[in-house]
Amino acid sequence: MSKFMISTNCSLILVVLLFTILIRGELVDGETISKPVNKAIIKTIKVDEDEIIDCYDIYKQPSLNHPSLHNHQIQMRPSMIPKNIKLDNLGTLQLTQTWHKYGTCPEGTIPIRRNIKDYRPTLSPKHRLSTFSHSKAPNTLEPNKVTDGHEYAVITVHGNYLGGQAKINLWNPVVETPVEISVAQIWAFAGAGTNGFNSIEAGWEVCQPRYGDYQTRFFILWTTDGYRNSCTNLECEGFVHISPDIALGCNFTDMSTFKGDQKDATFSIHKDPSSGNWWVQVQGISVGYYPSSLFTLLSKTPATMEFGGEIFNERSKGRHTIAEMGSGHFPSEGGFGVSSYFHHVQIIDENNEAKDPENVERYVSNPNCYDLKIDDKHTNGYGFYFGGPGYNDKCQ
């Protein structure tokens, strides 16, 4: 065989190999990921072996495939900021997520986290609620009653509100089994019962089944049917993401330490009085919104607000597990630096004015395992301490 024929054959083989790579994969920082190329993805950032950030064209984001969002005109910012909302005290945290170390998404795109271990190139129309998902809003439960393994330490603010905001302490609580969760969050909800209950939630969670690890991650969630179906982050269409800087489901880089540095971030959910869309913000950054058209009640009805912690206890060993809430320490053990906190809690009334909560109801589902104490001194605005260790001598 001549050198020319050898060279030609090698060239053909090289072309075939390159064509195969282009068809079957995409190049990410010089490495090939065997997933279909999506033309809506403008840039891809590889974080580690198990996580990738895809920068989607904001006008081609998967959420816009929701049936109620055909021809939807994206709202790029809230039409107005609630009056008296605290924007000059956004916490001790210069908000960073791990993926920021590896790149940025350009303007006109939004970051969507891809879990390589469980990558789905298309989103399901509705994400089915599973055992490790969040459960019923706490105020719908009977006092001191544990339901379906979900336990709470929260405050409920009764009334008609357009949203709420709070500075939430960031911790990395321990959970005992892979299906357990630990959450600190804000609820905005309306209605009652399975079919007539709407809820929007935002905060942080530890949830191994969803993310594949035990890191503390930013999350949002919504339901329109009392959690028979619910959707976390961007697991289904609906939430319109507008920020190129904040990715849903990604971890925070800074955590609080016991009797050491305290890290917190301000989370808010509020309804735009003009558009009716429900906005989610973190550290004053507008991450995106739930369009009013998604909801049966929250589209037209003011919300009840709740703030606090939630865990799911599997009882895999026939006893309560050591699923920690917050820092894993009771408020009775100490305040700042020991127990987890919500500071500068505000609610937004129907006049779009932020103010301290009134008509507050404290709810703790199992005080031997977790507790909540209102901070009567109000040194950091209206607030409370919450959390606990789970299993102990009194929590069986």
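Positions within a chain are numbered from 1, following the residues in the order the chain's sequence is written. Only residues with pLDDT of at least 70 are given local features in this predicted model, and only at 80 or more are side-chain atom pairs given and counted; all residues enter the totals for whole chains, interfaces and linings. In computing side-chain properties, one takes all heavy atoms of the structure into account and sets aside hydrogens as well as water.

By the naming in an unreviewed UniProt entry, the protein chain is Neprosin PEP catalytic domain-containing protein, taken from Papaver somniferum.

Think of it in three bands: with a 1.4 Å probe and only protein chains considered, a residue is buried below 20% of the maximum accessible area for its type, exposed above 50%, and partly exposed in between. A run of H or I in DSSP becomes a helix once it reaches four residues, and a run of E becomes a strand once it reaches two; helices and strands are each numbered from the N terminus. In terms of residue burial, strand E9 (residues 217-223) counts as a mostly covered element, since seven of its seven residues are buried. Neither face of E9 is open: one carries Arg217, Phe219, Leu221 and Thr223, the other Phe218, Ile220 and Trp222, and all of them are buried. Here a strand pair is declared whenever DSSP counts at least two bridges between the two strands. Relative to E9, strand E8 (residues 198-207) runs antiparallel, the two being bridged by seven bridges. Bridging from a neighbouring strand, Trp204 pairs with Phe218 of E9.

What follows is about the packing of aromatic side chains. Note on aromatic contacts: the rings of Phe and Tyr and the six-membered ring of Trp form a pair at centre separations within 6.5 Å, being stacked when their planes are under 30 degrees apart, edge-to-face when over 60 apart, and tilted otherwise. Per the counting criterion, the structure on display carries 16 aromatic pairs. Centroid distance Tyr341 to Tyr385: 6.3 Å. Interplanar angle 80 degrees. Geometry classified as edge-to-face. Taken together, the residues Tyr341 in strand E16 (residues 340-349) and Tyr385 in strand E20 (residues 384-387) connect sequence positions 44 residues apart. You can call Tyr385 buried: its relative accessible area is 12%. Between Phe384 and Phe386 the ring centres are 6.1 Å apart and the planes differ by 65 degrees, which places this aromatic pair in the edge-to-face class. Both residues of the pair, Phe384 and Phe386, count as buried. Of the aromatic side chains, those joined through ring pairs into one cluster are Trp222, Phe239, Tyr290 and Phe295. Either the NZ atom of lysine or the CZ atom of arginine qualifies as a charge over a ring when it sits within 6 Å of the ring centre and within 35 degrees of the ring normal. Above the face of the Tyr391 ring, Arg319 is positioned so that its terminal group lies 4.5 Å from the ring centre.

If you look at the biggest cluster of nonpolar residues, it comprises 67 residues, and the most contacted ones within it are Phe218, Phe267, Trp278, Tyr290, Met305, Phe307 and Phe342. The dominant element in this core, judged by the number of residues it contributes, is strand E6 (residues 150-169), at six residues. The next biggest cluster of nonpolar side chains, apart from the first, holds 14 residues, and it includes Val183, Phe189, Cys207 and Phe219. For this analysis, a nonpolar core means a set of buried residues of the types Ala, Val, Leu, Ile, Met, Phe, Trp, Tyr and Cys, connected via side-chain atoms within 4.5 Å.

What follows concerns the environment of Ile242. Among the structural elements, Ile242 can be located in the loop between strand E11 (240-241) and strand E12 (264-271). For Ile242, a relative accessible area of 10% puts it in the buried group. The sequence separation of Ile242 and Gly108 amounts to 134 residues, and the corresponding C-alpha distance is 8.4 Å. The contact rule is simple, with two residues in contact once any of their heavy atoms fall within 4.5 Å. When near neighbours in sequence (up to four residues on either side) are disregarded, Ile242 contacts Ile58, Ile74, Gln75, Met76, Ile110, Trp279, Ser286, Val287, Gly288 and Tyr289.

Residue placement: Asn198 occurs in strand E8. Taking relative accessible area as the criterion, Asn198 reaches 0% and is therefore assigned buried. Here a polar contact is recorded for every N or O atom pair within 3.5 Å, except that within protein the pair must consist of a potential hydrogen donor and a potential acceptor, and residues adjacent in sequence are included only if both atoms are side-chain atoms. A distance of 2.7 Å separates a polar atom in the side chain of Asn198 from the backbone nitrogen of Leu297. Look past the residues within four positions of Asn198 in its chain and what remains in contact with it is Ala188, Phe189, Ala190, Thr223, Thr224, Phe295, Thr296, Leu297 and Leu298.

We now examine unusual backbone geometry. Backbone geometry at Asn359 places phi at a positive 55 degrees, although glycine is not the residue there. Here Asn359 is to be found in the loop between strand E17 (354-355) and strand E18 (360-364). When its relative accessible area of 56% is taken as the criterion, Asn359 is described as exposed. Of note in the backbone geometry, His378 takes a positive phi value of approximately 55 degrees without being a glycine. Among the structural elements, His378 can be located in the loop between strand E19 (371-374) and E20.

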